[in-house]
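Inside the fold
Single-letter residue listing:
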Amino acid sequence: MTWDDLIQSELEKPYFKDLVSFVKQEDMNHVVLPPKDKRLSCFKLTPYEHVKVVIIGQDPYHNLNQAHGLAFSVENNDFPPSLKNIYKELVFDLNVTYPKTGNLTHWAKQGVLLLNTCLTVRIHEPLSHQKKGWEIFTLEVVKKVNEKKDPVVFILWGNHAKSFMKYIDQTKHKVITSAHPSPLSASRGFFGSKPFSKTNQFLEEQGIKPIDWHLK
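Residues numbered from 1 in each chain as written. Predicted model: local features only at pLDDT ≥ 70, side-chain atom pairs only at ≥ 80, totals over all residues. Heavy atoms only, no water.

1. Some words on the packing of helix 4 (residues 81-94) against helix 8 (residues 195-205)
- Relative orientation of the contacting elements helix 4 and helix 8 amounts to 55°, with a least axis distance of 8 Å. For the element pair helix 4 / helix 8, the angle class is oblique. Facing I86, E89, L90, D93 and L94 of helix 4, the residues of helix 8 in contact are P195, F196 and S197.
- Of the residues contributing to the contact of helix 4 with helix 8, the split by class is five nonpolar, one polar and two charged. (Axes fitted to C-alpha atoms, helices over the stretch in contact; angles between N-to-C directions. Helix = DSSP H or I, 4+ residues; strand = E, 2+ residues; numbered from the N terminus. Parallel < 35°, antiparallel > 145°, perpendicular 65-115°, else oblique. Contact = heavy atoms within 4.5 Å. Nonpolar A, V, L, I, M, F, W, Y, C, P; charged D, E, K, R; others polar.)

Printed below as a string of structure tokens:
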């Protein structure tokens, strides 16, 4: 199984055909983020067979030069509030130095699937591409990861991400949940949740190489 296999099978379905035509129309009439060549970055950087960890976000950042196809990650070093809080927890959890980059490609290349539920957004209009079909597709992605023989860690931050729990076989996979890292909720259970060390502890227990979370 590869991501291409999944995409090809979804392309045959009416909802995906509708989604493709919707995004094409949006591209013609608006600025849509991330740029076309980066919309599937999470799949290109983290092949199916390499997935060890899944972190679920909602929709891409909606300002220019931020979203590049990885949940919570930015191309520039203008860290959004949620990413700042993720980094605060990273420093607290693993006693590493505070990252200088907002780009999480280093995680993705090690098997961390940084999956947004929606893969596109209209510039400056958060959630503008909700309920257009992306959610159906990304649920299929989660279901496919759940089918993997090797154990995977699912990191679910906030109620939106936690809604995926019912699709995950917790007798095989590890689910780590907490409040969302956004400033509105981080103090209600995200800070101190230690998702990074818990993930590595589980991977090591399964004989799987842990993630080097440190971003230089």
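2. Focus on the environment of H68
- With respect to the helices and strands, the residue H68 is situated in the loop between strand 2 (53-57) and helix 4.
- A residue is classified by how much of its surface remains accessible, and H68, at 5% relative accessible area, is buried.
- Distance in space between the C-alpha atoms of H68 and S41 is 7.0 Å, their sequence separation being 27 residues.
- Residues in contact with H68, not counting those within four places in the same chain, are P34, K38, S41, S73, V74, E75, N103 and T105. (Buried < 20%, exposed > 50% of the residue type's maximum accessible area, 1.4 Å probe, protein only.)

3. Notes on unusual backbone geometry
- Here the bond from L33 into P34 is cis, since omega is -10°, no more than 30 degrees from zero.
- With respect to the helices, strands and loops of the structure, P34 is situated in the loop between strand 1 (32-33) and helix 3 (41-45).
- Backbone geometry places H124, a non-glycine residue, at a positive phi of 65°.
- In this fold, H124 is placed in the loop between strand 4 (121-122) and helix 6 (134-146).

4. A few points about helix 2 (residues 14-29)
- Between its terminal C-alpha atoms helix 2 stretches 23 Å, which fits the 22 Å expected from 16 residues at 1.5 Å a residue.
- The set of residues buried in helix 2 consists of Y15, F16, L19, F22, V23 and E26. Seen end-on, helix 2 carries its buried residues on one side only, within an arc spanning 120°. Of the residues in helix 2, the exposed ones pointing more than 90 degrees away from the buried face are P14, D18, K24, M28 and N29.
- Those residues of helix 2 that are buried lie in contact with helix 1 (3-11), strand 1, strand 4 and helix 6. (Expected span 1.5 Å × (residues − 1). Arc of directions from axis to C-beta.)

5. Here we look at the nonpolar core
- Within the largest apolar cluster, 63 residues are counted, with the highest numbers of intra-cluster contacts made by W107, L113, F137 and W213.
- Broken down by element, this core gets its largest block of residues, six residues, from helix 6. (Core = buried A, V, L, I, M, F, W, Y, C linked by side-chain atoms within 4.5 Å.)

6. A short note on helix 4
- Between the first and last C-alpha of helix 4 there are 20 Å, a value that for 14 residues agrees with the 20 Å anticipated at 1.5 Å per step.
- Buried within helix 4 are the following residues: S82, L83, N85, I86, Y87, E89, L90 and D93.
- Looking at the packing, one finds that the buried side of helix 4 touches helix 5 (105-108), strand 5 (153-157) and helix 8.
- N95, located one to two residues past helix 4, shows a positive phi value of around 55°.

7. A closer look at the pairing of strand 3 (residues 112-116)
- Within strand 3, five of the five residues are buried, leaving the element largely enclosed by the surrounding structure.
- Judged by which residues are buried, strand 3 turns out to be covered on both faces: V112, L114 and N116 on one side and L113 and L115 on the other are all buried.
- Looking at chain direction, strand 2 and strand 3 are connected through five bridges and run parallel. Bridge pairing in strand 3 links I56 to L115. (Pairing = 2+ DSSP bridges.)

Note that every value here comes from positions in space, so none of it alone points to a role or purpose.
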